[in-house]
Structures are given as structure tokens and as C-alpha cells.
Amino acid sequence: MAEMLKIDNIHKTFHPGTINEKHALNGVCLSLDEGDFVTVIGGNGAGKSTTLNAVAGLWPIDSGKIFIGGDDVTRLSEHKRARYLGRVFQDPMTGTATTMSIEENMAIAARRGESRGLSWGITKKERGEYRRMLATLDLGLEDRLASKVGLLSGGQRQAITLLMAAIKKPRLLLLDEHTAALDPKTAAKVLEISDRIIAENHLTAMMVTHNMKDAIAHGNRLIMMHEGKVILDIRGEEKKKLTVEDLLHQFEKVSGEEFANDKALLS
Amino acid sequence: MAILMSLDPMALLRSMPGAFAQGLVWGLMALGVYITFRLLDFADLTVDGSLATGGAVAVMLIRGGMNPWSALIFAFIAGMAAGFVTGMLHTALGIPGILAGILTQISLYSVNLNIMGRSNQAVSVDKYPLVISLRYISDSTGTRIQVFTTSILFCVVTVAILYWYFGTEQGHAIRATGCNQQMARAQGISTNFHTVLALMLSNGLVGLSGGLYAQFQGAADVNMGRGAIVIGLAAVIIGEVVFGKLCAGKHFAFAYTLLSVIAGAIIYYIVMNIVLWLKLPSDDLKLFSAIIVAVFLAIPYLKTRYKGKERAHG
Ligand SMILES: Nc1ncnc2c1ncn2[C@@H]1O[C@H](COP(=O)(O)OP(=O)(O)OP(=O)(O)O)[C@@H](O)[C@H]1O
Ligand SMILES: [Mg+2]
């Protein structure tokens, strides 16, 4: 199976040389095969978001290399890297342009990685396609193609952002706590949609979550991060048998600390 | 009472066509302001300079023998160059948007003086076949209609082009950049490139408007753009307040919105003309404009704050 993502010993320090200096990534290594769906857990500030942001290219990393589908993307700027990626963020406001309509947002996503010229930003043929895609969400959005995204709820926006992320069949889908801002029922629905989209499109995906049960129930791999490193990598049969207690125990063993995260314990 | 008696209604009536035409010409500039202020979400202060640049370029080229229509093309290009500089200051050098605009605006003052060789230059309508002129308005009904048709033509064609452009892939990319940079970049849009592009387009329109206005008044002046940004904002805001509800949700809503910006500029000049006619001190005009803009910019904010409080109490 082909390697889809390779993170090779990356380091990142924010605000170096100041009192705010923060060594956020401390030699992260990770390799994902095509079709892998890995869930990412870890305490607050463990470096989960920073790892995803490094892959997405928000800022240059200090050292190490990142390959997506064999291409070295380490030096590519964020918008150039976007062609390889689909991204959904924690804040439902982040993933869409609120002053634009649903169909315009989708049309923008459908042109990810292509040059944007003077042809129509959206064609009639696309509209039919988007209507069909929105219908699969079962949120009644297929009749609201021309509505501004700003009028929609957080759950509806996340669902649309998921469609947009998958629309170009990215090599890698990055989900950073994309259900954390939603109420439990909506979160479950968006998670279900995520599962379906990943399966239908055979996507390789990374999903950060604070919910250990979700982390166990979804995907075929699970990694745990701590202090800017991957400290646990569980896959296959071993992952299927995991329990929350196992994870907490493993965490204490590897890190030598208690898992100080109320949110994770409660959920 | 004596003051009221001294007001001549006919004088007001006579001044209206001029105000109307002026509103149309400045409406083009207001469209430029709309692009940056509303679509790109960038308060661009370049316009005070680029308006005069457009005027200076057009006037000097006409004096040098160029056809007044062609001169407008160069006024547009000169405006685009100004927008490019502001864009690069902001995106390539990381200077905050407002400051980038101010820096360009200030430097354009010198540039404009250099273009004209002094602080103002005239183009007489007697010597050159100007596209529009204030003189045509008072001359005869025929020439007056010519001024209106020409300036309305400019506005309508510009609105049509902008309507088309912001429906293209590139136009969508600019709108996404203005709305949500994170989303834009995640979708592969270079926010820097599209910011520069929008600033160029906007200031191109401002330059064009300056070129037309210089012909209209028969001269370019290094100070002709002073306060232009406030007039542009006033036009945008008046358009939104007066016509906003009418435009929303319609087919071609965006075209109506653009037209309402021009209508806003016309209303602005009619109101200003009435203020002048009332013999209110013209020194205070800029103060009035600024107050109007400040009030209308504050209304949406105060509304949401008031609503928020209501909810908190209820
Ligand atoms: N852009 C940034 N500038 C400065 N510091 C940052 C930046 N991004 C992250 N950090 C810091 O890096 C560390 C790792 O943060 P990160 O967001 O990756 O944690 P996380 O694992 O996603 O945690 P959480 O579960 O709270 O989201 C934190 O100490 C954070 O404050
Ligand atoms: Mg995070």
C-alpha cells in the first residue's frame, strides 16, 4: 500500500528567544498509508492542532520534512498545499465564507488547486451536482443552494465544510476537533457524515478529538500525543479491543503523568 | 425669515443637474470604494491620492494631444498602479492596511505634483473635445443630455462589468478573501494575490473617476481627492441604508447593490447642494460628511449592541 502522509521528525518553536517561547512540536514522526483513518488524542497543548497546521502549511516548520502522496510539501505555502488537502476546523465559522451562498462556497472548493480565471465561478451543471451532494446530508440544504452560509447553524456549516473538503477527493483529510463546538446530537450526526464521506471516497484522514470513545470507535488507527511527540500508535486488531481505561493507563505509563483532562474523563 | 426670503428656489433647481452629474462621476469612485470596503473588507485610504492621480494623468495627456477618451484608459491604469503599490506594501511587506493606504496616498501627493509640474492644470473645453464638462450642462439642453447619457453610460457599463467579474472564478476568490482568509487559503486561494488584485481594480475605478471628474470641472488639482474616501463611504452607506432592503434576496441582487452605491453618491451630492443653497457655511461641508458617515457606520453596531443587551436582560 502506498504511503500517503509522511511526517519526518518535525520541530516547531513558537516565539523563539522570548519569554513566550514554546516548543510545540518536538520531533513528530508519523506515516499514514493510503486509506488510513487515524484518530488523534492527547491533553491540552499536546501539539495535535500544531501538527495538523504544520501539515497544512500555516507557517514554516523549523526542521524535518513533510511528504503528501510522495510529494515533498515542506516548503509549499498554505494555499499551494491546499490542492492535496481537505480541512475542517473546530470553529464552524472558519470553514466557510459566510457572506457567500452555499453553492458559491462549494464552487470555490471544487476549484481547489486550479487556477482561477475569468470563466463563470459556478456553472449550471455544477448546481445539479451540488444539490445531489447536499441531499445526501439529509439536512434539507438541497433546496437552499442560494442561501448565504451565514444564515446556517454550526452543524449545517460543518456538514457543508465536510462536503467541500471532500469535493476534490483530497489525498489527506484533516479534521481538527470538528465536532467539539456542536451540541451532542449534532456532533454525532456530523461524525456520522464524516465517517460516510471518508468511506465513500476512500480518503486518508486524521481526526483530532477530545472524546476517547469517539477516538476508539472511529478509524483504523489511533495515536496519542504528548509534549509535541507521538507517544502511542495503535492499529488494527489491537485498536478494536481498546477501552478508555486502557488508554488512560497507557497514557500514565508512557508519559509518567496522570491524564489531567476532565473533558476526556467525563466523556 | 430674511435668510429664507433670500433663498432662490430657481437657483437650487438650476444647480441640480450639475449635482446629479457630479454624483454619477463620483459614483464610479464609490464603486471602487465598495470593492475594497465591502467586498475585500479593507479600509483603503489610497483613494484620496489615486483620484487626483487619475485626474492629473488624464489632464496632462489631453494637454499633450491625446484623445480625452484614451486619456481615461491611462487614468484607469494609473489608478491600478497606485492600488498595486498599496497592495504590495500590505501583502509583501506586512504593513497594516490602513497605514499602507496612507503611505501610498501621501507619496501620491508628490507624484501628482510631478505629473502636473505644479499644483493644478486646466483643460479648457474650448480647446479640447472633452468627454464631459460642466459647461455642457449650462450650455443647452442638447449638450446637457449628452453629459448625462455619457456619465450614465459609464456607470451602467461599469456595473455590468463588475457584476460579471464578481461572478467569475477570480471574483469569487476575491470575495472569499474578503470574507474569510482562512477559508480562502484552505481552498487554495492566494489571499495576497487577490488582495492586490482587488486593490488594483478598485483604484483603477477611482483613477477613472478622477480622469472624468477633471474633465468635468475643466482642471486637475493636487487636492481634488482630499476627503474622497469619506464621500465614497458616504455613497456606499447611503446606498445601503436607502436601498438595502430593496436589493436583498432579488435576482441580480448584486447589480442592484452596485447601482445603489451610485444612487448613494447622487443623493450625497444633492444633499450637499441643498446644504450649500441654504447658505450653510461651506467650510463645514467636510465636517457634515464625516458626521453623516460616522452616524451611519455606527447604526448597525449600536443596533446589535442594543439587541444583545435586551437579550441579556430579558
Ligand atoms: N500560532 C501559535 N503561536 C504561539 N503558540 C502556539 C501557536 N499554536 C499553538 N501554540 C502553542 O503550542 C502548544 C501546542 O498547541 P496545540 O494547539 O497544538 O495543542 P492541542 O494539542 O491542539 O491542544 P488542544 O487540545 O487544547 O487543542 C500550546 O502550548 C499552544 O499554546
Ligand atoms: Mg487543538
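We now turn to the structure provided with this report. Here the residue index of a chain counts from 1 through its sequence in written order. Each chain gets a letter, beginning with A, and each ligand a number, beginning with 1, in the order they are written. Owing to the predicted nature of the model, reporting of local features is limited to residues with pLDDT of at least 70; listing and counting of side-chain atom pairs is limited to 80 or more, with chain, interface and lining totals taken over all residues. With hydrogens and water excluded, all non-hydrogen atoms of the structure serve as input to the side-chain values.

For the rest of this paragraph, the subject is the pairing of strand S6 (residues 85-88) of chain A. Residues and elements named next belong to chain A. Note on classification: 1.4 Å probe, protein chains only; a residue is buried when its accessible area is under 20% of the maximum for its type, exposed when over 50%, partly exposed between these limits. Only DSSP runs of H or I reaching four residues or more are called helices, and only runs of E reaching two or more are called strands; each is numbered from the N terminus. Covered by surrounding structure in S6 are Leu85 and Arg87 together with Gly86 and Val88, the residues of both alternating faces. Pairing between strands requires that DSSP locate at least two bridges from one strand to the other. Strand direction decides the pairing type here: S6 and strand S7 (residues 172-176), joined by 4 bridges, are parallel. Of the residues in S7, the one forming a bridge with Gly86 is Leu173.

For patch building, the residue pool is restricted to those with more than 30% relative accessible area and no salt bridge; the joining distance is 9 Å between like charges and 5 Å between nonpolar side chains (Val, Leu, Ile, Met, Phe, Trp, Tyr). The Shrake-Rupley method, run with a 1.4 Å probe, gives the accessible areas here. Residue values count only the displayed protein chains as cover. Salt-bridge detection follows one rule: a side-chain nitrogen of Lys or Arg within 4 Å of a carboxyl oxygen of Asp or Glu. A cluster of nonpolar side chains, contributed by Leu118 and Trp120 of chain A together with Leu153, Val157, Ile161 and Trp164 of chain B, occupies part of the molecular surface with about 590 Å² of accessible area. Tracing the backbone through its elements, the reader meets Trp164 of chain B in helix H7 (residues 141-165). For Trp164 of chain B, a relative accessible area of 32% puts it in the partly exposed group.

All right, on to the nonpolar core then. The tendency in soluble globular proteins is for nonpolar side chains to be buried side by side. Nine residue types can take part in a nonpolar core, namely buried Ala, Val, Leu, Ile, Met, Phe, Trp, Tyr and Cys, and a core is a set of them joined through side-chain atoms within 4.5 Å. If you look at the biggest cluster of nonpolar residues, it comprises 79 residues, and the most contacted ones within it are Trp26, Leu31, Leu162, Phe166 and Leu212 of chain B. Broken down by element, this core gets its largest block of residues, 14 residues, from helix H2 (residues 9-39) of chain B. The criterion used for residue contact is that any of the two residues' heavy atoms lie within 4.5 Å. Excluding its chain neighbours within four sequence positions, the residues that come into contact with Leu212 of chain B are Val25, Leu28, Leu72, Val131, Ile132 and Phe154 of chain B. Core analysis: the next-biggest nonpolar cluster, separate from the first, contains 44 residues, Val88, Met106 and Ala187 of chain A together with Ala173 of chain B among them.

To continue, consider the sheet that holds S6 of chain A. All names here are of chain A. One open sheet holds the 6 strands; their spatial order is S6-S7-S8-S3-S9-S10, and the pairing between them is mixed. Among the strands making up the open sheet, the edge pair consists of S6 and strand S10 (229-235). Across the sheet, the mean angle separating the axes of adjacent strands is 20 degrees when strand polarity is ignored. Across 5 bridges, the pairing between strand S3 (residues 37-42) and strand S9 (residues 221-226) is parallel. Each residue of the ladder has a partner; that of Ile41, found in S9, is Met224. Across the sheet, helix H1 (residues 48-56) lies against S3, S6, S7, strand S8 (205-208) and S9, angled at about 145 degrees from S7, the strand it touches most. Relative to S6, helix H5 (residues 154-166) is tilted by about 175 degrees, and along the sheet it contacts S6 and S7. Angles shown run from 0 to 180 degrees and are taken between the N-to-C directions of axes, each axis being a line fitted to C-alpha atoms and, for helices, limited to the stretch in contact.

Residues and elements named next belong to chain A. If you check the backbone angles, His15 has positive phi at about 50 degrees while not being a glycine. Positionally, His15 belongs in the loop between strand S1 (3-14) and strand S2 (22-33). With a phi angle near 45 degrees, Glu177 is a residue other than glycine that sits in the positive phi range. The class of Glu177 is buried, set by a relative accessible area of 10%.

To continue, consider the site of ligand 1. Residue and element names in this part refer to chain A. By convention in these notes, a residue is near a molecule or strand provided one of its non-hydrogen atoms lies within 4 Å of it. Not every one of the 14 residues close to ligand 1 is listed here, only the nearest: Asn44, Gly45, Lys48, Ser49 and Thr50. Gly47 is positioned such that a nitrogen or oxygen atom in its backbone is 2.9 Å from an oxygen atom of ligand 1. Contributions of two or more residues to the shell around ligand 1 are made by S2 and H1. For the shell around ligand 1, the element with the highest residue contribution is H1, accounting for 3 residues. N or O atoms within 3.5 Å of each other form a polar contact, as long as, within protein, one can give a hydrogen and the other can take it, and as long as residues adjacent in sequence are counted only when both atoms are side-chain atoms.

Quick look at helix H9 (residues 244-255) of chain A now. Residue and element names in this part refer to chain A. Taking 1.5 Å per residue, 12 residues should reach 16 Å; H9 reaches 16 Å between its end C-alpha atoms and fits that length. Val244, Leu247, Leu248, Gln250, Phe251 and Ser255 are the residues of H9 that are buried. For H9, the angular spread of buried residues about the axis comes to 165 degrees, placing them on one side. Turned more than 90 degrees from where H9 packs its buried face, Glu245, His249 and Lys253 sit exposed. Gly256 occupies a position one or two residues after H9 and carries a positive phi of about 70 degrees. Expected helix span is computed as 1.5 Å times (number of residues minus one). Think of the arc as the fan of directions from the helix axis to the C-beta atoms.

In the structure shown here, the tally under the stated rule is 18 salt bridges over all chains. The closest approach of N and O atoms between Glu78 of chain A and Arg87 of chain A, which form a salt bridge, is 3.1 Å. Residues Glu78 of chain A and Arg87 of chain A agree in their burial class; the two are buried. The salt bridge involving Glu240 of chain B is made with Arg38 of chain B; its shortest N-O contact spans 2.7 Å. Highlighted residues: Glu240 of chain B in helix H11 (residues 228-247) and Arg38 of chain B in helix H2, separated in sequence by 202 residues.

Next up on the list: the environment of Gly65 of chain B. Along the chain, Gly65 of chain B falls in the loop between helix H3 (47-63) and helix H4 (68-91). Along the chain, Gly65 of chain B and Tyr128 of chain B lie 63 residues apart, while their C-alpha atoms are 8.6 Å from each other.

Turning next to the side chain of Arg116 of chain A. With respect to the element layout, Arg116 of chain A can be found in the loop between helix H3 (102-110) and helix H4 (124-135). The sign given to each residue is positive for Lys and Arg and negative for Asp and Glu; His and the chain ends receive no count. Here Arg116 of chain A sits buried without a salt bridge, and the closest side chain of opposite charge, Glu169 of chain B, lies 7.1 Å off (N-O distance). Among the polar contacts listed, one links the side chain of Arg116 of chain A to the backbone oxygen of Ile108 of chain A, at a separation of 3.2 Å. In this structure the side chain of Arg116 of chain A is engaged in a polar contact, spanning 3.4 Å, whose partner is the backbone oxygen of Arg111 of chain A. Residues contacting Arg116 of chain A, with those up to four places away along its chain left out, are Ile108 and Arg111 of chain A together with Glu169, Gln170, Ala173, Gln187, Gly188 and Ile189 of chain B.

Residues and elements named next belong to chain A. An order of S2-S1-S4-S5 is seen for the 4 strands of this open sheet, with the pairing classed as antiparallel. A strand with exactly one partner marks an edge of an open sheet, and here the two such strands are S2 and strand S5 (71-72). Pairing analysis gives 9 bridges linking S1 to S2, with the strands arranged antiparallel. Within S2, the residue paired with Phe14 across the bridge is Lys22.

Moving on, we get to the interface of chain A and chain B. Counting from both sides, the interface comprises 29 residues of chain A and, opposite them, 20 residues of chain B. For the pair chain A and chain B, the interface holds 3 salt bridges. With its nearest N and O atoms 3.0 Å apart, the salt bridge here joins Arg175 of chain B to Glu104 of chain A. Inspection of the region where chain A meets chain B yields 12 residue pairs in polar contact (both at pLDDT 80 or more). Mapped by element, the contributors of at least two residues to the side of chain A that touches chain B are helix H2 (78-81) and H3 of chain A. Its residues placed into classes, the side of chain A that touches chain B shows 11 nonpolar, 12 polar and 6 charged. Amino acids outside the nonpolar list (Ala, Val, Leu, Ile, Met, Phe, Trp, Tyr, Cys, Pro) and the charged list (Asp, Glu, Lys, Arg) are all regarded as polar, and Gly is one of them.

Residues and elements named next belong to chain B. The aromatic pairing rule takes the rings of Phe, Tyr and Trp, using the six-membered ring of Trp, and pairs them if the centres are within 6.5 Å, calling planes under 30 degrees apart stacked, those over 60 edge-to-face and the rest tilted. Enumeration over the complete set of coordinates arrives at 13 aromatic pairs over all chains. Ring geometry for Trp26 versus Tyr269: centroids 6.0 Å apart, planes at 45 degrees, classification tilted. Note that Trp26 is positioned in helix H2 and Tyr269 in helix H12 (residues 253-277), a separation of 243 residues in sequence. Accessibility assignment for this pair places Trp26 and Tyr269 in one class, buried. Ring centres of Trp69 and Phe154 lie 5.6 Å apart, and the angle between their planes is 10 degrees; on these two criteria the pair is classed as stacked. Of this pair, Trp69 sits in helix H4 while Phe154 sits in helix H7, and the two are 85 residues apart along the sequence. By relative accessible area, Trp69 is classed as partly exposed at 44%. Joined through ring pairs, the aromatic side chains of Tyr34, Tyr163, Trp164, Tyr165, Phe166, Phe252 and Phe254 make up one cluster.

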